[in-house]
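Summary of structural features
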Amino acid sequence: MAEKFDNLEEHLEKFIENIRQLGIIVSDFQPSSQAGLNQKLNFMISGLQDIEKCRQQLHEINVPLEVFEYIDQGRNPQLYTKECLERALARNEQVKGKIDTMTKFKSLLISELSKVFPEEMAKYKAIHGEDAPS
Amino acid sequence: MTEMFSTLFGQNETQVPPGSSSLGFGPGKPPPPLPQNQVAMPGQMPPQLGDEGPALRKPGAMNEPFYLLRELPVGNELTGNTNLITHYNLEHAYNKFCGKKVKEKLSNFLPELPGMIDCPGTQDGSSLRSLIDKPPVCGNSFSPLTGALLTGFRLHTGPLPEQYRLMHIQPPKKKSKHKHKHHRPQDPLPQETPSDSDPKKKKKKRDDDPDRKKKKKDKKKKKVIKSIYQDPSNSQLTIMYYCGS
């Protein structure tokens, strides 16, 4: 998996570097630079071809759209990962709290019902067992 | 069919509309008690297409008097009761991203990328969102530019206008001057290697001189006394400070 990303990363880095050099040539253009510019333009096309080839290897990769929003706002996309993990942990803790509370409630309810309806609760326990999974 | 039905539920049961009994839960009343001989063997009836009555009634009959009793969820099911970050081996990622502060800007994530990348993409139309919403109209393949096509890329000589020189502007990088200063006193190397050319060393030597210290103290005393007379508003404080020292 990592090889695929490394391959894409390498091609992207080469492409960006080529674009940077192209920018330098264009920023103060001299007549003698025309040949170099033409070469860089064709490098750019071959770079795009290389990136296009990488696409086939990365079909199963899904990127959440929210990450693009972070990048578009000029924010670090790692912040999205961080917030996702924090949100997941917070929700995990909330659900665990609910489950724990419900488990306590269940045992309390069974004990109270056993006092009021001992026969029925004995039957209930016979069906579901004494320590039924919660 | 009616014969089989009657053998199962008795003659009285035939009057009950099949729809209400087959559902297994009615308007709130428990189902009428079944004959003793029928309770033990509800599974004997062969399953009929379009008649789901016995299959649904089965748990109700078995779980008497609890006619709405359902099977409890399986205990080993993955729920929020377990730490899902640990379960999916994401502790490393959690510690990496949540353990320390992640820098806010995009240029911190892609430091090698040229240009001002911290500006919102919507400003200059370079957002990824716009690429998805309005994909560029182009062919499926990239073909190299031939001589005739390259003539379109002949440029005028001279520098670019100011507004197009964004490529060279880099976001300012923070200098860690203070950090270096902090680390110096901890560094044992300069103390071990004495050199006459080091001005800091010279200063230290001067400070160590006891005569110089005395002179300095005397100077300070004079200064404090002066300030008492010159600035009457601060006199009390200065006297206190002087007495305290």
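My aim in this report is to walk through the structure given alongside it, one point at a time. Since the model is a prediction, treat every value here as computed from it, not as a measurement.

1. With respect to a nonpolar patch on the surface
Together, L65 of chain A together with L131 and I132 of chain B line one region of the surface with nonpolar side chains, adding up to about 250 Å² of accessible area. With respect to the secondary-structure elements, L65 of chain A resides in helix α3 (residues 65-72).

2. Side note on the packing of α3 of chain A against helix α4 (residues 78-116) of chain A
Packed helices, taken two at a time, are described by their axes: the angle between them and the distance between them. Residue and element names in this part refer to chain A. As a packed pair, α3 and α4 sit with axes 9 Å apart at the nearest point and diverge in direction by 135°. Between α3 and α4, the angle is such that the two are oblique. Considering only the axes of α3 and α4, their crossing is right-handed. Of the residues in α4, those touching α3 at E66, V67 and Y70 are L79, Y80 and E83. Grouping the constituent residues of the contact of α3 with α4 by class yields 4 nonpolar, no polar and 2 charged.

3. Some points on the pattern of salt bridges
All names here are of chain A. Summed over the entire model, instances satisfying the criterion amount to 8 salt bridges over all chains. Its salt-bridge partner being K115, residue E112 comes within 3.1 Å of it at the nearest N-O pair. Note that E112 and K115 are positioned in helix α4 at a spacing of 3 residues, about one turn of the helix. Judged by relative accessible area, K115 falls into the exposed class, the value being 61%.

4. Focus on the packing of α4 of chain A against helix α5 (residues 118-128) of chain A
Residue and element names in this part refer to chain A. Interaxial distance between α4 and α5 falls to 6 Å at its minimum, and their mutual angle equals 135°. Judged on the interaxial angle alone, α5 and α4 are oblique. Seen from α4, the contacting residues are I110, L113, S114, K115 and V116; seen from α5, they are P118, M121, Y124 and K125. Looking at side-chain class alone, the contact of α4 with α5 contains 6 nonpolar, 1 polar and 2 charged residues.

5. Quick look at helix α2 (residues 34-55) of chain A
Between the first and last C-alpha of α2 of chain A there are 32 Å, a value that for 22 residues agrees with the 32 Å anticipated at 1.5 Å per step. Residues Q34, L37, N38, K40, L41, I45, G47 and C54 of chain A constitute the buried set of α2 of chain A. Contact partners of the buried residues in α2 of chain A: α1 (2-27) and β1 (28-29) of chain A together with α10 (147-150) of chain B.

6. With respect to the interface of chain A and chain B
Across the contact, 50 residues belong to chain A and 54 residues belong to chain B. Overall, the association of chain A and chain B removes approximately 4,600 Å² of surface from exposure, summing both partners, and the carbon and sulfur fraction of that is 69%. Counting across the chain A and chain B interface gives 1 salt bridge. Of the charged contacts, one joins E104 of chain B and R75 of chain A as a salt bridge, the two residues approaching to 3.0 Å between their closest N and O atoms. Scanning the region where chain A abuts chain B turns up 17 residue pairs in polar contact (both at pLDDT 80 or more). For the side of chain A that touches chain B, the secondary-structure elements that each account for two or more residues are α1, β1, α2, α3, α4 and α5 of chain A.

7. Describing the side chain of K82 of chain A
In this structure, K82 of chain A sits in helix α4. The buried charged residue K82 of chain A lacks any salt bridge, with E86 of chain A as its nearest oppositely charged partner at 4.3 Å. Beyond its immediate chain neighbours, meaning those up to four positions away, K82 of chain A contacts F97, C98 and V102 of chain B.

8. Focus on the packing of aromatic side chains
All names here are of chain A. Counting across every chain of the model gives 1 aromatic pair over all chains. When the ring of Y70 is compared with that of Y80, the centres are 5.7 Å apart and the planes differ by 70°; the resulting orientation is edge-to-face. Residue Y70 is found in helix α3, and its partner Y80 is found in helix α4; the two are separated by 10 residues along the sequence. The pair formed by Y70 and Y80 is uniform in burial state, with each residue classed as buried.

9. A short note on the nonpolar core
Of all hydrophobic cores here, the largest spans 10 residues; its members are V67, Y70, L79, Y80, L85 and L89 of chain A together with I85, F97, C98 and V102 of chain B. The set of elements that each furnish at least two residues to this core consists of α3 and α4 of chain A together with α6 (91-98) of chain B. If you tally residues by element for this core, the top one is α4 of chain A, at 4 residues. When neighbours within four sequence positions are excluded, L89 of chain A is seen to be in contact with N83, I85 and Y94 of chain B. Counting 8 residues, the second-largest nonpolar core is a separate cluster that includes I25, F29 and L37 of chain A together with L150 of chain B.

10. A closer look at unusual backbone geometry
Residues and elements named next belong to chain B. Within the chain, N89 stands out as a residue other than glycine whose phi angle is a positive 55°. Among the structural elements, N89 can be located in the loop between α5 (84-87) and α6. Of the residues examined, N89 reaches a relative accessible area of 63% and is grouped as exposed.

The rules behind the values
Residues numbered from 1 in each chain as written. Chains lettered and ligands numbered in written order. Predicted model: local features only at pLDDT ≥ 70, side-chain atom pairs only at ≥ 80, totals over all residues. Heavy atoms only, no water. Patch = residues over 30% accessible without salt bridge, like charges linked within 9 Å, V, L, I, M, F, W, Y side chains within 5 Å. Areas by Shrake-Rupley, 256 points an atom, 1.4 Å probe, with all protein chains shown as cover. Salt bridge = Lys/Arg side-chain N within 4 Å of Asp/Glu carboxyl O. Helix = DSSP H or I, 4+ residues; strand = E, 2+ residues; numbered from the N terminus. Axes fitted to C-alpha atoms, helices over the stretch in contact; angles between N-to-C directions. Parallel < 35°, antiparallel > 145°, perpendicular 65-115°, else oblique. Left-handed = near helix turned anticlockwise from the far one by under 90°. Contact = heavy atoms within 4.5 Å. Nonpolar A, V, L, I, M, F, W, Y, C, P; charged D, E, K, R; others polar. Buried < 20%, exposed > 50% of the residue type's maximum accessible area, 1.4 Å probe, protein only. Expected span 1.5 Å × (residues − 1). Buried area = accessible area lost by both parts, 1.4 Å probe. Polar contact = N/O pair within 3.5 Å; in protein donor to acceptor, adjacent residues only side chain to side chain. Lys, Arg positive; Asp, Glu negative; His and termini not counted. Phe/Tyr/Trp six-rings, centres within 6.5 Å; stacked < 30°, edge-to-face > 60°. Core = buried A, V, L, I, M, F, W, Y, C linked by side-chain atoms within 4.5 Å.

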